[in-house]
Amino acid sequence: MRIAPLSLLISASLLASSAFAQDTATVTGIESEISIKQTEYDNSTQILEKHLKEESQLQNQLELLRSRSTELDKEKNQALDAMNEMYRRLIDDPTLDISAAQSRYQKAVVDHKQNKDDISMQLAAIASHRKDIEQIRVAKHTLLNTLESLKEQLTTARVERLRNEFTREGTLEVNHTINCKRTETLAACEQRGQQMGLQKATKRFVDQIFANLTEERIVEPKRNMAGAQVQILSSHVVNSAFSGQGNYNVNLSVTMRGEVNSSRLCNLLNVDNRYCSEYGSPLATAYQPGYGTTYSDSQLTFSNAADNTDTVSVSRMNNQPVRDYSVKAAPTKKNYPSIINKEKNQQVELTLRSNVYDDEVFIDGVSFGSTRLVTRLPRGVHNVEIRKLGYKPYKVRVDLTKAQTIHANLVKKSESIAAPAYTREQPKPVSRTASANRSADVQNNVVVVPAGKFKMGDINGNGLANERPVIEKVIASSFAMQTKEVTVGAYEAFVASTGYKTQAEQSKGCAYYLNGEPVWEANLNWRNPGFEQSSDFPAVCLTFNDAKAYAEWLSGETGQQYRLPNEVEWEYAARAGTETEYPWGNEIGKNLANCGWCGSEWSNKRAAPVGSFSPNAFGLYDTVGNVWEWTAQESGESDVAVRGGAWNFAPSLARASTRLILAPDFRSNYIGFRLVRER
C-alpha cells in the first residue's frame, strides 16, 4: 500500500508559543546572571589577592620596624651611658663640652619614640587592612554561594523548559490517501484511512517536538529513552472523498498535546535525578519556573519504525475541554488590562495552610509549591492534595464558588523513618534541664578514626582554587572525633558552668543571610540564631575563640584533652575512605543532607537537629551540610578555615574538600563546630 505525502500544518502553539519563549528567556536570564556574578567573583578574587599582597608587605614593614626598634633601643641605651659618663667627667672638669653627647642621646630618644609611633601606626594599618580583607572574603563567599545557587536554578529551569517543550500543544492538518481493499466495505476503508491518518499525525507531531527542542542536540541521541507520548485532544475530518479507482482520501485536522515521563528528563539532560524528583518543589527565587499540567487520560504512543509500518493505537479525550493551571508570569495591568479583568471575573482565591513545613500542594494534579499558599483558580470543582514524605496525604474536593481557606492537618505515618519535623504551632522547646542532661551524652559521644592515608583536595576537579593541588596525606595515629556537631544543649551546660559570654553577646551580634547578603544583627547569638531551635540543634553564632573556649572547658571537665580538628583530620574523617565529592557518591541526591536545595525539610530554612541524616563510614554525622565547622588555626596564619557546607549554602559547597577562609572573630548562624579528643 502506497501512502501519499503528508501536507503538514503546524499551529503557532507548537513552534512559537510565548510560554516557551518565556522558558528560554528564563534560562537565558539565569545564564546572563551567572556570567555577571562570575565576573564579580573573579574580580573579588583579584581584589582579595591584591589586599593579601599588601598585607604581606605591611607585615614585612612591621618586622623591619620591630627590628629597627631593637637597634634604636640599643643606641638609646648606649647614648645614655655615654652622656652619663660625660656628666661624671664634668664634675672634675667644668670646662668639658658635653653637647655632642646630649645631642646624641636626644636624637636616640626621638628616633626610638618615632619608631614606636611608626609601629603603632603600622599595626593600625594592618588591623584596618584585616577588616577590609574580612569584608572582601565574606563578600566573596556570598558571591560564590550566589553563583552556585544560580547554577542550581539554571538546571531546574532547563528541566522545566524541556518538560514544557515536550508537553506543548499543536494542530496538524494531514492529507492522507489509501487504496481500499477489495474485501472491505467503504465504511471499513474510511475508518482505516482515518485511523492511519491519525497515526501519521501523531508520529509527525512527535518528530516536530523533538526537532524544536531547545537542547535538541543533547536530547536527540537519547530519544528512545524519552518515553514521549501524545494525547489527541480533538480531531475532525476537514473533507474526504472516494475515487473511481478505489482510493480513499481524507483531510484531517488533529489537535494534540505531547507528554513525557518527568522522571526521565534529568537523564535526557545529563543532570542529577534530584531535579526530577516526584516530590520536588520549585526554587523560591525570581527565576521560579512554572509547572505544566499533567493529565491522566488515555495516551497515544508512537514507535520509531519506518513510515509504512508504523502502528499507533489512537484514543480520544472525547473533546472534553482542557483547563490549563500552569503557573505563568502575571501580565501587567498596563499591557494586558483585558486579561486581568477577565481573570478577576472568572477566578476565585483559594488559601491553603498546613501544620508541617516543606510540604507540596497539588491542585488537579499540578504542583503549586508549598504552604502557606494563596492562589487564584477558575470557579468550579477542584481536587486538592497536600503531600509530605513520611506523612499521609491530605486530600479534599472543593467546589470553589467564593474565596475559601483550607487548614490541612497532615498525620505522620506510623512506619515513617523520615527525619523529625517540627510543626509551626508546636515548636520543640528548649529545656535547660533536658539540655544539661543531654550535653553529657553528646560531649562524650566520640568514635575512633583509624590511622591511614588519603588524597586531600579537589580530587574530581570540581572545586575551588584553594582546594588544589591534591596532596596525599598520612594520618600516622588514630584519633577520636565527636560524632555530631556540638549542640545548643552542650554549649548551654558550658555557659551555665562558667558564665562565659560569646563574642556575639559582647558586641555586634551575629551575621545571617538576607536576600543573599550577610547582615549583622545585634540581638542574634547562640541562644537566638534567627530561627527556631531546640537543645539538639548545632550551636551556631560562635567564633573560633568561642569554640576554643568550649574545648578548654570540656577538657577540664572530663580530664581528657579536647581541641578543634586540623583541616587534614577533618577532611580525612569526612571522606571516611572515599574519593567522591560526598560520602555516598558524586551527586548530592535528595534529602541525604541539610544544605541549600538538597531536598530536606530544613534546606534553605534553618539548621537541622544533629544526626538527622545517616552517618558516613566512620560513624560521623553531618559532615555534609547543616553548619560549617571551625577547624584549628594553622601556625603562622591569622585566618581560619571552616569546612562542610551549611543549610543555606549550595550543594557544591558541601563537598568534602570545600574550604572557606574566615577571620577568627567572624560568627554567623550557619557556622558551628565539633571537637577531636586526644588519645
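Residues numbered from 1 in each chain as written. Predicted model: local features only at pLDDT ≥ 70, side-chain atom pairs only at ≥ 80, totals over all residues. Heavy atoms only, no water.

Here we look at the overall build of the chain
Within the chain, the secondary structure is distributed over twelve helices and 22 strands. In the chain, buried positions account for 48% of the 679 residues. Within the chain, residue pairs in contact and separated by at least 24 positions form 72% of the contacts whose partners lie at least 6 positions apart. Entry remark: accessible area of the chain is about 32,900 Å², with carbon and sulfur atoms responsible for 48%. (Helix = DSSP H or I, 4+ residues; strand = E, 2+ residues; numbered from the N terminus. Buried < 20%, exposed > 50% of the residue type's maximum accessible area, 1.4 Å probe, protein only. Contact = heavy atoms within 4.5 Å. Areas by Shrake-Rupley, 256 points an atom, 1.4 Å probe, with all protein chains shown as cover.)

Notes on the pattern of salt bridges
Tallying each qualifying case throughout the model produces 33 salt bridges. Note that R130 is salt-bridged to E55, the shortest N-O span being 2.8 Å. Here E55 lies in helix α2 (residues 18–92) and R130 lies in helix α3 (residues 99–166), a separation of 75 residues in the sequence. With respect to burial, R130 and E55 carry one shared label: buried. R223 is paired through a salt bridge with E220; the nearest N and O atoms lie 3.8 Å apart. With a relative accessible area of 29%, E220 lands in the partly exposed category. A single salt-bridge network, built from bridges that share partners, covers E567, E571, R575, R643 and R659. (Salt bridge = Lys/Arg side-chain N within 4 Å of Asp/Glu carboxyl O.)

Observations regarding empty space enclosed by the protein
This model, assessed by the stated rule, comprises one cavity of 30 Å³ or more. Around the largest cavity sit V138, H141, Y513, W628, V642, F649, L660, L662, F666, Y670 and I671, which together line it. Every element with two or more residues in the lining of the largest cavity is listed here: α3 and β20 (659–662). Its residues assigned to classes, the lining of the largest cavity comprises ten nonpolar, one polar and no charged. (1 Å grid on protein atoms, 1.4 Å probe; cavity = no way out; pocket = protein on both sides within 12 Å on 5 of 7 lines; lining within 4 Å. Points joined across faces, edges and corners; volume = space filled by probe spheres on them. Nonpolar A, V, L, I, M, F, W, Y, C, P; charged D, E, K, R; others polar.)

Considering unusual backbone geometry
With an omega of 0 degrees, the peptide bond running from R468 to P469 counts as cis. Following the sequence through the fold, P469 ends up in the loop between β12 (452–456) and β13 (471–475). In the Ramachandran plot, C541 falls in the positive-phi region, its phi being about 60 degrees despite a non-glycine side chain. Considering the arrangement of structural elements, one finds C541 in the loop between β16 (517–521) and α11 (544–558). With relative accessibility at 0%, the residue C541 sits in the buried group. Positioned with a positive phi, N591 is a non-glycine residue whose angle comes to about 60 degrees. Mapped onto the elements, N591 comes out in the loop between α12 (567–575) and β18 (628–630).

Considerations on the state of the cysteines
Scanning the entire structure with this criterion turns up four disulfides. The residue that forms a disulfide with C180 is C189, at a sulfur-sulfur distance of 2.0 Å. When the S-S torsion is -80 degrees, as for the bridge of C180 with C189, the disulfide is left-handed. Here C180 falls in the partly exposed class, since its relative accessible area comes to 21%. Judged by relative accessible area, C189 falls into the buried class, the value being 0%. For the chain, the bonded cysteines connect in the pattern 1-2, 3-4, 5-6, 7-8 when numbered consecutively along the sequence. (Disulfide = S-S within 2.5 Å.)

Brief notes about α12
An α-helix turns once per 3.6 residues; consequently, residues spaced three or four apart project the same way. Within α12, eight of the nine residues are buried, leaving the element largely enclosed by the surrounding structure. Of all the positions in α12, only E567, E569, W570, E571, Y572, A573, A574 and R575 are classed as buried. Residue N566 occupies the N-cap position of α12, its side-chain oxygen lying 3.1 Å from the main-chain nitrogen of V568. Where α12 ends, the next residue or the one after it, A576, has phi of about 50 degrees, a positive value. (Polar contact = N/O pair within 3.5 Å; in protein donor to acceptor, adjacent residues only side chain to side chain.)

Some thoughts on the sheet that holds strand β7 (residues 373–378)
Strand order in the open sheet made by the three strands is β7-β4-β10, with mixed pairing throughout. In this open sheet, the two strands that pair with only one neighbour each are β7 and β10 (404–408). Adjacent strand axes in the sheet meet at a mean angle of 25 degrees, parallel and antiparallel pairs treated alike. Here strand β4 (residues 347–354) runs beside β10; their pairing, made up of five bridges, is parallel. By the bridge assignment for β10, R353 is matched with H407. (Pairing = 2+ DSSP bridges. Axes fitted to C-alpha atoms, helices over the stretch in contact; angles between N-to-C directions.)

Focus on the packing of aromatic side chains
By the definition in use, this model includes 22 aromatic pairs. A centroid spacing of 5.6 Å and a plane angle of 20 degrees characterise the contact between Y491 and Y550, whose relative ring orientation is stacked. Of this pair, Y491 sits in helix α9 (residues 488–498) while Y550 sits in helix α11, and the two are 59 residues apart along the sequence. This pair shows no difference in class: Y491 is buried, exactly as Y550 is. (Phe/Tyr/Trp six-rings, centres within 6.5 Å; stacked < 30°, edge-to-face > 60°.)

Thoughts on the sheet that holds strand β14 (residues 479–482)
In space, the four strands of this open sheet follow the order β11-β14-β22-β17, with antiparallel pairing throughout. In this open sheet, the two edge strands, each paired with only one partner strand, are β11 (446–449) and β17 (562–563). Direction of pairing for β11 relative to β14: antiparallel, over a ladder of four bridges. Opposite V448, over in β14, you have A480 as the bridge partner.

Overview of the nonpolar core
Ranked by size, the top nonpolar core spans 46 residues in total, and within it Y491, Y550, W628, W630, Y670 and F673 carry the most contacts. Every element with two or more residues in this core is listed here: α3, α9, β15 (510–514), α11, β18, β19 (640–643) and β20. Per-element accounting of this core gives the leading share, seven residues, to α11. L198, V219, A226 and V254 belong to the second-largest nonpolar core, a separate cluster that totals 32 residues. (Core = buried A, V, L, I, M, F, W, Y, C linked by side-chain atoms within 4.5 Å.)

As for the pairing of β20
Burial along β20 is two-sided: the residues R659 and I661 and L660 and L662 are all buried. As paired strands, β19 and β20 are joined by four bridges and run antiparallel to one another. Counted as the bridge partner of V640 is L662 from β20.

Some words on the environment of R274
Relative to the assigned elements, R274 resides in the loop between α6 (265–269) and α7 (337–346). The class for R274 is buried, based on a relative accessible area of 14%. Note: C-alpha distance between R274 and G589 (315 residues apart in sequence) is 5.6 Å. Sequence-distant contacts of R274, defined by excluding residues within four places in its chain, comprise E152, I588, G589, K590, W597 and P651. In terms of polar contacts, R274 uses its side chain to reach the side chain of E152, at 2.7 Å. Within the structure, R274 has its side chain in polar contact with the backbone oxygen of W597 (distance 2.9 Å).

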